[in-house]
Amino acid sequence: MFNGKTIVLGVTGGIASYKAIQLCSMLTQAGATVRVMMTTSATKFVTPLTFQTITRQAVSTDTFEENNPSVVNHIDLADSADLIVIAPATANMIAKMAQGIADDMVSTTLLAATCPIIVAPAMNVHMLGNPAVQDNLRILRQRGIHFVDPSEGQLACGYVGKGRLAEPSHIFDYINKFMNGPKPLAGQRVLITAGGTVERIDPVRYISNDSSGKMAFALAEAAKQLGADVEVIAARTTVEAPGGVSVVRAMSADDMFEAVDKRFAQADIVIMAAAVADFKPKKQLAHKFKKTEGQLEIELEPTKDILMHVGHTKTNQYVVGFAAETEQLAHYAQEKLARKKCDLIVANQVSLPGVGFEQDTNAVEIYNTNGLVQAIAIASKQEIATGIWQAIIEQRSARAGGSL
């Protein structure tokens, strides 16, 4: 599976370090040359000898241990790697990566690396939620670092919450897809809308909705991994876009309409995942309305229907819409599909727990003109994105007679 590939595994100091042993073994058995580097803290939890025995490779723990005079060890590690995986990645190592600090073997090697990097964080739930850690994660995502997100459950500290290192099998599967997965979208241009539009009442007030952009950005990241050239048109979002994806900001429905219309002709696949406001204030006040001015009455008018425009003007584009409903999911989804001439529509019932806006999880039903194509049970939005892309690729290929 990984024959001829060199994977550098960085192990940092947390109780989850023991899981890196299984991951190392799985990668080695799959044919990879695995070179392990460890922080000093990591060696307090597991020994370098364990990894050396599994990999039949020397383990690097000290920047100043230069056992081979013909190379500089951390540069040689970085140059040899087809991929670097940091598992577990502590809050400390994530901070070092974000700020460019190089004061140990792992951080120094990372600063010299030019290959792709996958990070699997593991830490206490409150540490993970700390604004400093979240800022560092955002910086790394913007730089194109890939993440295998931690899971929820019982933590070593006694807390229950998000922060557990993803299971080694899950990290292994992610690495396999990243390195060996098919690229069915290679050469395809994908346009995705994201977030909730902002319709101004006055300079400080607006009408919007709870869309976070998480689902759209998960779709964008999955499309990138499948080989597509991805561009996202985003309104207000509460999360950062994945690295390596072009993002254009278009805050209002009118702005988004213009941005989509400008790029639509060049796209192969268009996914309208943004929650676009149905109405906007007919008149935007030039100054902040004061309470002392009396009662504020806002007259609303319909916004431009972007999905309708795209569906009715498409030529060869494959158009996927979204429908967030609170009742009669199948009925409203299929009615929207027909009325707006989508090729597929992805529907979710946002009134259900763990589904829809602001959640890290989702559950969707995908429809085409013949009815239900696929129902995907509640899962992370990254997993949902993978399932949606599988449906898009299969349905589009079937329509084209077996080819994209």
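The following refers to the structure shown. Just so you know, the residues in each chain are numbered from 1, in the order the chain's sequence is written. In keeping with the model being predicted, local features are shown solely for residues with a pLDDT of at least 70 and side-chain atom pairs are shown and tallied solely at 80 or more, while totals for entire chains, interfaces and linings include all residues. The basis for every side-chain value is the complete set of heavy atoms in the structure, and neither hydrogens nor water enter the calculation.

### Considering the overall build of the chain
Note the cut-off: Helix and strand assignments follow DSSP, with helices taken as H or I runs no shorter than four residues and strands as E runs no shorter than two, numbered in order from the N terminus. Put simply, the radius of gyration uses C-alpha atoms, and a globule should come to 2.2 Å times the residue count raised to 0.38. Each residue is placed in one exposure class: buried if its accessible area under a 1.4 Å probe, protein chains only, is under 20% of its type's maximum, exposed if it is over 50%, and partly exposed if it falls in between. Contacts: residue pairs with any heavy atoms within 4.5 Å of one another. Every accessible area reported is derived by Shrake-Rupley at a probe size of 1.4 Å, with residue values counting cover from the shown protein chains alone. All tallies of charge rest on Lys and Arg as positive and Asp and Glu as negative; His and the ends of each chain are not included. In plain terms, the charge of a residue is placed at NZ if it is Lys, CZ if Arg, CG if Asp and CD if Glu.
A tally of regular secondary structure across the chain gives 13 helices and 19 strands. Its C-alpha radius of gyration of 24 Å places the chain within 12% of the 22 Å reference for a compact globule of 404 residues. With respect to the three principal axes, the spread of C-alpha positions in the chain is 75 × 60 × 40 Å. Burial analysis of the chain (404 residues in total) assigns 49% to the buried set. Contacts spanning at least 24 positions in sequence make up 67% of the contacts within the chain whose residues lie at least 6 apart. Of the roughly 18,900 Å² of accessible surface on the chain, 50% is carried by carbon and sulfur atoms. Positive and negative side-chain charges of the chain, numbering 37 and 40 respectively, have mean locations separated by a distance of 2 Å.

### Description of the pattern of salt bridges
Under the convention used in this document: Within this document, salt bridges are pairs made up of a side-chain nitrogen of Lys or Arg and a carboxyl oxygen of Asp or Glu, the two lying within 4 Å of each other.
Under the definition given, this model contains 17 salt bridges. Between K282 and E299 there is a salt bridge, with the nearest N and O atoms lying 3.7 Å from each other. Within this pair, whereas K282 is found in the loop between β14 (279–281) and β15 (300–302), its partner E299 is found in the loop between β14 and β15, the two being separated by 17 residues in sequence. Through salt bridges with shared partners, a single network forms among K19, R164 and E167.

### Comments concerning the packing of aromatic side chains
For the record, the criterion: Between the rings of Phe, Tyr and Trp (Trp by its six-membered ring), a pair exists once the centres lie within 6.5 Å; its type follows the angle of the planes, with under 30 degrees stacked, over 60 edge-to-face, and the other angles tilted. Counting as a charge over the ring demands two things of the Lys NZ or Arg CZ atom: a distance within 6 Å of the ring centre and an angle within 35 degrees of the ring normal.
All told, the structure shown has one aromatic pair when counted by the stated rule. Summarising the aromatic geometry, the rings of F2 and F172 are spaced 5.7 Å apart at their centres and angled 80° between planes, so their arrangement reads as edge-to-face. Residue F2 is found in the segment before β1 (6–11), and its partner F172 is found in helix α8 (residues 168–180); the two are separated by 170 residues along the sequence. The ring of F257 carries the charged tip of K304 above its face, separated from the ring centre by 4.9 Å.

### Here's the deal with helix α12 (residues 329–340)
Rule in force here: Expected helix span is computed as 1.5 Å times (number of residues minus one). The reported arc concerns the directions from the helix axis to the C-beta atoms and nothing else.
Its 12 residues give α12 an end-to-end C-alpha distance of 16 Å, which sits within 8% of 16 Å, the value for a rise of 1.5 Å per residue. Residues of α12 that are buried: L329, A333, K336, L337 and K340. End-on view of α12: buried residues confined to an arc of 105°, all on one side of the axis. Where α12 is buried, its residues meet α11 (306–313), β16 (318–325), β17 (344–349) and β18 (361–368). Where α12 terminates, the next one or two residues include K341, which has phi positive at roughly 55°.

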